[in-house]
Amino acid sequence: MSTDAQHFDIALIGSGSANSFPGPEFAGRSIVQIDRGVGPQHVFGGTCLNLGCIPTKMLVHTADLAHAPAESARFGVTAALRHVDWPAVRDRIFGRLDAISSGGQQYRDSHQDNDNLTLLRGTAAFTGAHSLTVTLQDGTEQQITADTIVIGAGSRPSFPPVDGIQDAHPHTSDTIMRIEQLPASLAILGSGVVAVEMAHIFASLGVEVSLIARTDRVLRQADAEVSERLTRVLGERLHLITGMSTTSVERVADGVVLRGLRHGEERQVRAEELLVATGRMPNSDLLRVDRAGIDTHPDGRIAVDAHQRVLSGGEVLEGVWALGDVSSEHQLKHVANFEQKIVRHNVLHPEDLRRSDTMPIPSGVFTDPQVAWVGMDESTARERAEASGRSIRVAHQGYAGIAYGWALEDTDGFAKIIVDEATTEILGAHIIGAEATTLIQLVIQAMSTGQTARDIAATQYWIHPAMPELIENALLQVID
């Protein structure tokens, strides 16, 4: 262990969104980038690239193709899924992504365009407000001090307090996409974004999926009506068990057994493999942020102000910043990327601080059907309107009511748009159905630029008979 601390102008923790922080603007400052890596292999490049957004969406597209034959009969087409070559599916994805990850690390190590940057592969832990111990991958330690510290250490899968769950060696999103072969059956514990996306993926590829939700609906963070619709649709497609409180998990000779209570009665679920998808926890505990006096929320997130400055005792801890999952309640890559840009600007221009809370934050879920939303749900909008003495209007437009929806034979999907009755300011939008994650962008843009429903509904051409007519028809319902 080195007793002498090496000083840098900037210490950067993480290699996800934080990896975009260095650049020519910092050529005159020394930077140390400390990266623990993600997943069992501790790979470079963050969760989104290696274990999250990108590989899952590459899998979702494959799943969409595999699921298409099951939907083809109602269109007068006879088709069947004959075979899934899982190793080919997996290797197409990670053959590409692993090369990007290793290339990114080599780029940082090579000092090409990074003469002022030192990369340390290991786990950082605070020893003071501006000092760190880095436990390197070979077990040695290095002491670091820095004038500026930028924390982008991300999050990792968490486990619920269920007896035997870790002893059963379940999969998480860190490992499930790299399995050697598809299981005959898969139990998924959880009902949020990761759970419903993985349920779609593996059910489409021919795995018998049991999705176990503790509450009565899946994707409860979505608008209640959307959540209810997705619950019904998934319940028709796979083995959905709602309202089950899992109390124990056991690994047995032929797989896993989950035991719990559902409506007061004992229930068992058996499967060859188990995926735990009940949430993620910020990596602040690994950083020992308590040693620096850094404030944290009850869920472990680092507390920051609207400029992404870290707080200590409720006050700004000068020179320490945080971004992404380690501090944000929105575990979304686009949020982390935007916060990184804010931190980068603010470190370079402390006299002109920018805020990170000026735009509505959208969410997209790539299950089948897709789900997307931005702004307030209907319940929240009504509560706030009543409290302020205002009124709202709510539009519902089904896919079945537009020409392209007829082509899709979609009787389940819909868009809901919520506006202020007097001004037609868009307060929220929620979509469930084909291409929901694309269609929502029309509303995101309007909300982010201050356009009202009245501004965009009748002042432009809407291509007929294209999918955006879903949004057009909804907007026309809420303007005079």
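Residues numbered from 1 in each chain as written. Predicted model: local features only at pLDDT ≥ 70, side-chain atom pairs only at ≥ 80, totals over all residues. Heavy atoms only, no water.

(A) Structural view of the packing of aromatic side chains. Taken as a whole and judged by the stated rule, the model has 2 aromatic pairs. With centroids separated by 4.7 Å and ring planes inclined at 25°, the aromatic side chains of phenylalanine 21 and phenylalanine 26 adopt a geometry described as stacked. A residue is classified by how much of its surface remains accessible, and phenylalanine 21, at 0% relative accessible area, is buried. Judged by its relative accessible area of 0%, phenylalanine 26 is buried. Ring centres of tryptophan 86 and phenylalanine 202 lie 6.0 Å apart, and the angle between their planes is 40°; this geometry places the pair in the tilted category. Taken together, the positions of tryptophan 86 in helix α3 (residues 86–110) and phenylalanine 202 in helix α4 (residues 193–204) put the pair 116 residues apart, joining distant regions of the chain. The burial state of tryptophan 86 is the same as that of phenylalanine 202; both residues are buried. Geometry around phenylalanine 94 places arginine 178 over its ring, the cationic atom sitting 4.0 Å from the centre. (Phe/Tyr/Trp six-rings, centres within 6.5 Å; stacked < 30°, edge-to-face > 60°. Buried < 20%, exposed > 50% of the residue type's maximum accessible area, 1.4 Å probe, protein only. Helix = DSSP H or I, 4+ residues; strand = E, 2+ residues; numbered from the N terminus. Lys NZ or Arg CZ within 6 Å of the ring centre and 35° of its normal.)

(B) Main features of unusual backbone geometry. For the peptide bond that leads from aspartate 368 to proline 369, omega is 5°, which places it in the cis range. One non-glycine residue with positive phi stands out, namely histidine 169, at about 50°. With a relative accessible area of 62%, histidine 169 lands in the exposed category. Phi at arginine 288 is positive, roughly 50°, even though this residue is not glycine. Mapped onto the elements of the fold, arginine 288 is located in the loop between β14 (280–282) and β15 (309–312).

(C) Up close: the sheet that holds strand β9 (residues 239–241). Strand order in the open sheet formed by 4 strands is β9-β8-β7-β13, and the pairing between neighbours is parallel. Of all strands in the sheet, those with a lone pairing partner are β9 and β13 (273–276), marking the two edges. Recorded for the sheet is a direction-independent mean angle of 20° between the axes of neighbouring strands. In this sheet, β13 lies alongside strand β7 (residues 185–189) in parallel orientation, the contact comprising 4 bridges. The residue of β13 that forms the bridge with leucine 186 is glutamate 273. Against the sheet, α4 engages β7, β8 (208–212) and β13, with an angle of about 165° to β8. (Pairing = 2+ DSSP bridges. Axes fitted to C-alpha atoms, helices over the stretch in contact; angles between N-to-C directions. Contact = heavy atoms within 4.5 Å.)

In short, shape yes, function no, at least from these values alone.
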